[in-house]
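A closer look at the structure
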Amino acid sequence: MGWKGSKLMGFAMMLIIVFLTACSGESTEAQIHNHLEEAVHLEEGFEAQQGNITDLERQEQEIYSQIIDIGMDEFDQIVELAKKATGIIDERSEEIELEKESIDASREEFNKVRSLIDELEEGEVKQEANKMYDMMENRYKSYDKLHEAYVQSLAQEKELYSMLQKEDLEQEELTEQINLINESYQKILDENKKFNEYTTEYNTMKKEFYTLADLNVTYVE
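Parameters at a glance
- Residues numbered from 1 in each chain as written.
- Predicted model: local features only at pLDDT ≥ 70, side-chain atom pairs only at ≥ 80, totals over all residues.
- Heavy atoms only, no water.
- Helix = DSSP H or I, 4+ residues; strand = E, 2+ residues; numbered from the N terminus.
- Buried < 20%, exposed > 50% of the residue type's maximum accessible area, 1.4 Å probe, protein only.
- Contact = heavy atoms within 4.5 Å.
- Areas by Shrake-Rupley, 256 points an atom, 1.4 Å probe, with all protein chains shown as cover.
- Polar contact = N/O pair within 3.5 Å; in protein donor to acceptor, adjacent residues only side chain to side chain.
- Phe/Tyr/Trp six-rings, centres within 6.5 Å; stacked < 30°, edge-to-face > 60°.
- Lys NZ or Arg CZ within 6 Å of the ring centre and 35° of its normal.
- Expected span 1.5 Å × (residues − 1).
- Core = buried A, V, L, I, M, F, W, Y, C linked by side-chain atoms within 4.5 Å.
- Salt bridge = Lys/Arg side-chain N within 4 Å of Asp/Glu carboxyl O.

Looking only at helices and strands, the protein features 6 helices and 2 strands. Written out in order from the N terminus, the α and β elements of the protein read β-α-α-α-α-α-α-β. Considering the protein as a whole, with its 221 residues, one finds that 44% of them fall into the buried category. Long-range pairs, those at least 24 residues apart, make up 84% of the contacts in the protein with a sequence separation of at least 6. When the accessible surface of the protein is summed, it comes to about 11300 Å², and 46% of that surface belongs to carbon and sulfur atoms.

Quick look at the structure:
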């Protein structure tokens, strides 16, 4: 068997937290800042879920390695391990949904800046704000694709462990399923790379917006 193993979705990058240390009144720019940073705060659950997901992936990979070492001759042990791995997949599914809830809450908060950006005077600040907004929208769309790919891979992995509990399993059938999982992994890696790139670009644009808007902020990486 040649399954490549864990995807470690926890490699996804986080947003930069920014504190407004001084502000004279609630300017439109300051209101935008408040919504942007609340959106970051709402993604704290996303960061927590990332670590949990990575741990569960590692546990599952250890079980899969045990199955490979045992071989199909010890069928009863394989069935027991396959059931255990299926339970871990269910836990990962729950963590993934909690992660998505965090991202969805962040997106809802972030969308509140759209009308505020429209209120800004035409000029460099507004141009940068629009660029920043579009980049974050790209990031959210990228996450949607990443989430979809991950959920699909979970279903494929669950099917694999179901197949491993069949005594009459054919090697060709097993190999085909493993290939499907490996293809899903590659898609996840590709989408995760795009998500990270959008995150980096958004963080850079947000800094530029705060600079142009003359907001006195403190950055926490």
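Structure's up, so let's keep going.
Looking now at the side chain of histidine 33. Relative to the helices and strands, histidine 33 resides in helix H1 (residues 28-42). In this structure the side chain of histidine 33 is engaged in a polar contact, spanning 3.2 Å, whose partner is the side chain of asparagine 34.

This next bit is on the packing of aromatic side chains. Applying the stated criterion to the full structure yields 5 aromatic pairs. When the centroid spacing of 5.8 Å and the interplanar angle of 50° are considered together, the rings of phenylalanine 209 and tyrosine 210 count as tilted. A relative accessible area of 0% means that phenylalanine 209 is categorised as buried. On the basis of relative accessible area, tyrosine 210 is assigned to the buried category, the value being 0%. Taken together, the ring pairs connect Phe110, Tyr133, Tyr140 and Tyr202 into an aromatic cluster. Cation over ring: arginine 114 sits above tyrosine 133, and NZ or CZ is 4.6 Å from the ring centre.

The next thing to look at is the environment of histidine 33. Histidine 33 sits in the buried class, given a relative accessible area of 4%. Counting along the chain gives 177 residues from histidine 33 to tyrosine 210, while the straight-line C-alpha distance between them is 7.9 Å.

Moving on: H1. Taking 1.5 Å per residue as the helical rise, H1 with its 15 residues ought to reach 21 Å, and the 21 Å between its terminal C-alpha atoms agrees with that figure. Residues of H1 that are buried: Ala30, Ile32, His33, Leu36, Glu37, Ala39 and Val40.

Glancing now at the nonpolar core. Of all hydrophobic cores here, the largest spans 52 residues; its most connected members are Ile32, Leu36, Phe110, Tyr161, Leu164 and Phe209. Of all the elements in the fold, those that place two or more residues in this core are H1, helix H2 (44-70), helix H3 (75-110), helix H4 (113-119), helix H5 (124-163) and helix H6 (171-212). Per element, the largest residue contribution to this core is 15 residues, and it comes from H5.

On to the pattern of salt bridges. The final tally for this structure, using the stated rule, is 14 salt bridges. One salt bridge in this structure joins lysine 206 and glutamate 37, with 3.1 Å as the shortest N-O distance. Separated by 169 residues along the polypeptide, lysine 206 in helix H6 and glutamate 37 in helix H1 bring together distant segments of the chain. Residue classification places lysine 206 among the buried residues on the basis of a relative accessible area of 1%. Residue glutamate 37 is classed as buried on the basis of its relative accessible area of 11%. The network of salt bridges with common partners includes Lys100, Asp104, Arg107 and Asp144.

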